[in-house]
Amino acid sequence: MKKEFIKHPTCEKYKEIIGAYGCLHFSIDDFEIMNIATKKCNCKDAYFDLYHYYKKLNFKLSDQSDCDSDSMLLNNLSLKMRKHAISSLIKSNLESNSELSIYYYYGIYVKKDQKKAIKMIKKSYTYKISDESAEQDLKDWEESILPCSAK
């Protein structure tokens, strides 16, 4: 499946590969496949997966005894990797992305824009919430941006 995808990449084939990983209860961690899917096919799902790949890599490079595996602060990655991770998250084009809203709310890796963050977090809900509730949600995420010590 991977060889066929590399020869003739499409977003549909990428989704098939993701489905195969899902059946095995794994998340994709094949950088080559994700990179091809983003660069040659502009697959939105691949951009999002690539961002999560970098988050997992940051955790692997961390002293895991003092780090949350879901930490959003990518401090153990190189600057180039951080930029690629955040640009991948932005290119995933998920307007209701709660993770991206946190970066905007706190001004981490992107220009601080709390109004945009509140709007994004509100869109992530299936029901209507107030600006105040959305802002409280964003404040509750503050611990997810604590740095992880390197190994």
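The following refers to the structure shown. Being a predicted model, the structure only gives us computed values, none of them experimental. (Residues numbered from 1 in each chain as written. Predicted model: local features only at pLDDT ≥ 70, side-chain atom pairs only at ≥ 80, totals over all residues. Heavy atoms only, no water.)

**Comments concerning the overall build of the chain**
Piece 1. Of regular secondary structure, the chain possesses 8 helices and 0 strands.
Piece 2. Going residue by residue from the N terminus, the α and β elements of the chain occur as α-α-α-α-α-α-α-α.
Piece 3. Taking 151 residues into account, the globule formula puts the C-alpha radius of gyration at 15 Å, and the chain, at 16 Å, falls close to it.
Piece 4. Principal-axis analysis of the C-alpha atoms places the extent of the chain at approximately 50 × 40 × 30 Å.
Piece 5. Here the chain holds 151 residues, and 38% of them are scored as buried.
Piece 6. For the chain, restricting intrachain contacts to residue pairs at least 6 apart in sequence, the fraction spanning at least 24 positions comes to 54%.
Piece 7. By element, 53% of the accessible surface of the chain is carried by carbon and sulfur atoms, the whole surface being about 9,100 Å².
Piece 8. Charge-centre separation for the chain: the mean point of 25 positive side chains lies 8 Å from the mean point of 22 negative side chains. (Helix = DSSP H or I, 4+ residues; strand = E, 2+ residues; numbered from the N terminus. Rg over C-alpha atoms; globule rule 2.2 N^0.38 Å. Buried < 20%, exposed > 50% of the residue type's maximum accessible area, 1.4 Å probe, protein only. Contact = heavy atoms within 4.5 Å. Areas by Shrake-Rupley, 256 points an atom, 1.4 Å probe, with all protein chains shown as cover. Lys, Arg positive; Asp, Glu negative; His and termini not counted. Charge placed at Lys NZ, Arg CZ, Asp CG, Glu CD.)

**Focus: the pattern of salt bridges**
Piece 1. Enumeration over the complete set of coordinates arrives at 6 salt bridges.
Piece 2. E99 serves as the salt-bridge partner of K55, at 2.8 Å between the closest nitrogen and oxygen. With K55 in helix 4 (residues 44–60) and E99 in helix 6 (residues 98–106), this residue pair connects regions lying 44 residues apart in the sequence.
Piece 3. Since its relative accessible area comes to 3%, K55 is described here as buried.
Piece 4. Assessed through its relative accessible area of 11%, E99 is described here as buried.
Piece 5. The network of salt bridges with common partners includes K2, D30 and E32. (Salt bridge = Lys/Arg side-chain N within 4 Å of Asp/Glu carboxyl O.)

**Comments concerning the state of the cysteines**
Piece 1. In the structure shown here, the tally under the stated rule is 1 disulfide.
Piece 2. Across the disulfide, C11 is cross-linked to C43 (sulfur-sulfur distance 2.1 Å). Where C11 bonds to C43 through sulfur, the torsion about that S-S bond is close to -110°, and the disulfide is left-handed. Of this pair, C11 sits in helix 2 (residues 11–23) while C43 sits in the loop between helix 3 (31–39) and helix 4, and the two are 32 residues apart along the sequence.
Piece 3. When its relative accessible area of 23% is taken as the criterion, C11 is described as partly exposed.
Piece 4. Given the relative accessible area of 3%, C43 is considered buried.
Piece 5. Cysteine C41 is unpaired, with the sulfur of C43 as its nearest cysteine sulfur at 4.5 Å. (Disulfide = S-S within 2.5 Å.)

**Considering the environment of I90**
Piece 1. Structurally, I90 is set in helix 5 (residues 79–91).
Piece 2. Taking relative accessible area as the criterion, I90 reaches 36% and is therefore assigned partly exposed.
Piece 3. The spacing of I90 and F48 is 42 residues in sequence and 8.5 Å in space, taken between C-alpha atoms.
Piece 4. The contacts of I90, once residues within four sequence positions are left out, are L100, Y104 and V110.

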